[in-house]
Amino acid sequence: MLSRRLPVAALTLVAALILAPLAQAQAGAWEQCGGNEWYSQCLVASATTTTTTTKTTSTTASTSTNTASCNAAADGFASLNGGTTGGAGGTVVTVTTQTDLAKYAAASGKYVIKVSGKITISPKGTEISVASDKTIIGIGTTGEIYEGGLRLIGVKNVIIRNLKIGNTYVPTDYEGKTQDWDAIQMDTASNVWIDHCLLEKAGDGLIDSRLDTTFLTVSYTILRDHNKAFGIGWTENVTSQITIHHNYFLNTNQRNPSADNIRYAHLYNNYLSNVTSYGHYARGSTEMRMENVYFEKVNNPVTKDSTAKLAASGNTYSSCTGTTASNSGTVFTPSTFYSYSLTATAQVPSVVKAQAGPQASICPS
Ligand SMILES: *[C@@H]1O[C@H](CO)[C@@H](O)[C@H](O)[C@H]1NC(C)=O
Ligand SMILES: *[C@@H]1O[C@H](CO)[C@@H](O)[C@H](O)[C@H]1NC(C)=O
């Protein structure tokens, strides 16, 4: 096990070093955009008005934006431990069928797997197995894994971006008791980035992050129309390091997320709207830093077990009901691990509504 993992770690480190200047350039662009990490989106207005730009220049610009964006690397805790670059630098393939998606997702080596259009999964509920060193990314805004999901078991360095996934819901089984169909399931995985996805109506969880899955970042993702949105835990160990930012929890019931026994949980700039059971939950021995989260019509917006540590600041509670847990204990400082920029809380609903979920600019072709 160890001897097989070492070369992967070494390759990941090399990839991280190569991609470091790219990540820095993106961080700079992000700051310019006031929380918009997609530099191309910031340029849309000026690009459309600059009609005198020569053809050569605009072609070069659009090609480099495309390449950089389809191959972007993770931020947050997923940027540590060698970084999360997925299949960047490997073979690029475009898939339109379940057979090809499953084949390349399970292959060994680095692959950037571009999903073109909607792939209907059969039988309904099947979770496609994803091996290490993969990027699975939707082209434009129509990449979709319909009536199925993805499962990451014991793998490292996976990116899932710009995809719609779900619709495995069984109307007679709201609780997910008769099947375990998740949109994304992760058991003992590490270095995973889920970004700009739209996850809805799964049979069980939209995201189940279990059994010490770590160095995970979930960003700009919509989790909607669902019972058990995002569960983290299923472990007695307190080792996982997780960043959850700029996500949109809409019309959900429980686990938004429920974060059990997390060593470091950093949640910021999420937008929760119409949540019926509870919002952000520091469960078990979790140590949670929560910043500038916007809760709107959320029942029990912040929940904490007596054994958990919590430092919440800058949140807005609009038309919320139930209880909001108090801070307690000494909590880690995320900026000692990685850099990030906070969106002002008042802007969180508009920024997250506009930018979460698949975006045309992320991987245009
Ligand atoms: C907890 O950590 C131990 C030691 O690494 C490991 O054997 C065990 O599988 C972990 N438990 C879970 C639930 O992941
Ligand atoms: C709120 O969410 C529930 C599902 O949890 C849904 O049935 C209801 O229609 C939503 N309300 C609004 C106003 O969208």
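Just above, that's the structure.
Throughout this document, residue positions are counted from 1 along each chain, in the order its sequence is written. Lettering of chains starts at A and numbering of ligands starts at 1, both following the order in which they are written. Local features are withheld for residues below a pLDDT of 70 in this predicted model, meaning they are given only at 70 or higher, and side-chain atom pairs are given and counted only at 80 or more; totals for whole chains, interfaces and linings count all residues. Only hydrogens and water are set aside; all other atoms, that is, all heavy atoms of the structure, feed into the side-chain values.

1. Observations concerning the sheet that holds strand β11 (residues 190–195)
Reasoning step 1: A pair of strands is considered paired only if DSSP assigns at least 2 bridges between the two. In this description a helix means any DSSP run of H or I spanning at least four residues, a strand means any run of E spanning at least two, and both kinds are numbered starting from the N terminus. Here 10 strands make up an open sheet; going across it, the order is β1-β2-β5-β8-β11-β14-β16-β19-β22-β25 and the pairing parallel. Two strands lie at the open edges of the sheet, namely β1 (91–95) and β25 (309–313), each paired on one side alone. Neighbour-to-neighbour, the strand axes of the sheet open up by a mean angle of 10°, direction not taken into account.
Reasoning step 2: Bridge count between strand β8 (residues 156–161) and β11: 5 bridges; the pairing is parallel. Within β11, the residue paired with Arg161 across the bridge is Asp195.
Reasoning step 3: Strands β1, β2 (111–115) and β5 (134–138) of the sheet are contacted by helix α4 (residues 98–106), whose axis makes an angle of about 160° with β2. Only the stretch in contact is used when fitting a helix axis, every axis being a line fitted to C-alpha atoms; angles between N-to-C directions are given from 0 to 180 degrees. Only heavy atoms matter for contacts: two residues are in contact if any of them lie within 4.5 Å across the pair.

2. Considering the site of ligand 1
Reasoning step 1: As a matter of local geometry, ligand 1 sits amid Leu211, Asp212, Trp234, Thr235, Glu236 and Asn237.
Reasoning step 2: Nitrogen and oxygen atoms within 3.5 Å of one another constitute a polar contact, given that in protein one can donate a hydrogen and the other can accept it, and given that sequence-neighbouring residues count only through two side-chain atoms. The contact in question runs from an oxygen atom of ligand 1 to an N or O atom on the side chain of Asn237, over 2.3 Å.
Reasoning step 3: The fraction of the free accessible surface of ligand 1 (360 Å²) that becomes covered by protein chains is 41%.
Reasoning step 4: As a working rule, the residues Ala, Val, Leu, Ile, Met, Phe, Trp, Tyr, Cys and Pro are called nonpolar, Asp, Glu, Lys and Arg charged, and the rest polar, with Gly in that last group. When grouped by side-chain class, the residues that make up the shell around ligand 1 number 2 nonpolar, 2 polar and 2 charged. Any residue with a heavy atom positioned within 4 Å of a molecule or strand is treated as near that molecule or strand. For accessible areas, the Shrake-Rupley method is used with a probe of radius 1.4 Å. Any residue's cover is judged against the shown protein chains and nothing else.

3. Things to note about the pairing of β11
Reasoning step 1: The buried label applies to any residue whose accessible area, calculated with a 1.4 Å probe on protein chains only, is under 20% of its type's maximum; exposed applies above 50%, and partly exposed to all values in between. Counting buried residues in β11 gives 6 out of 6 residues, a clear majority hidden from the surface.
Reasoning step 2: Bridge analysis of β11 against strand β14 (residues 214–219) gives 5 bridges, and the strand direction is parallel. Considered in β14, the bridge of Val192 is made with Leu216.

4. A look at the pattern of salt bridges
Reasoning step 1: A pairing counts as a salt bridge when a side-chain nitrogen of Lys or Arg comes within 4 Å of a carboxyl oxygen of Asp or Glu. Applying the stated rule across the entire model yields 9 salt bridges.
Reasoning step 2: The residue Asp195 makes a salt bridge to Arg161 at a minimum N-O spacing of 2.9 Å. Separated by 34 residues along the polypeptide, Asp195 in strand β11 and Arg161 in strand β8 bring together distant segments of the chain.
Reasoning step 3: On the basis of relative accessibility, which here comes to 0%, the residue Arg161 falls in the buried class.
Reasoning step 4: Measuring nitrogen to oxygen at the nearest pair gives 3.8 Å for the salt bridge that ties Arg224 to Asp225.

5. Thoughts on the environment of Lys297
Reasoning step 1: Within the fold, Lys297 resides in strand β23 (residues 294–298).
Reasoning step 2: The exposed category is assigned to Lys297, whose relative accessible area is 52%.
Reasoning step 3: The sequence separation of Lys297 and Asn274 amounts to 23 residues, and the corresponding C-alpha distance is 4.9 Å.
Reasoning step 4: If near-sequence neighbours (up to four positions away) are discounted, Lys297 is found in contact with Ser273, Asn274, Val275, Ser318, Ser319 and Cys320.

6. Looking at the state of the cysteines
Reasoning step 1: Two cysteine sulfur atoms make up a disulfide if the distance between them is within 2.5 Å. Scanning the model with the defined rule gives 1 disulfide in all.
Reasoning step 2: Between Cys70 and Cys363 runs a disulfide, and the two sulfur atoms are separated by 2.3 Å. Negative torsions about the S-S bond denote left-handed disulfides, and the value of about 105° found for Cys70 with Cys363 makes this one right-handed. Here the residue Cys70 occupies a position in helix α3 (residues 55–70), and Cys363 occupies one in the segment after α5 (348–355), the gap between them amounting to 293 residues. An identical accessibility class is assigned to Cys70 and Cys363; each is buried.

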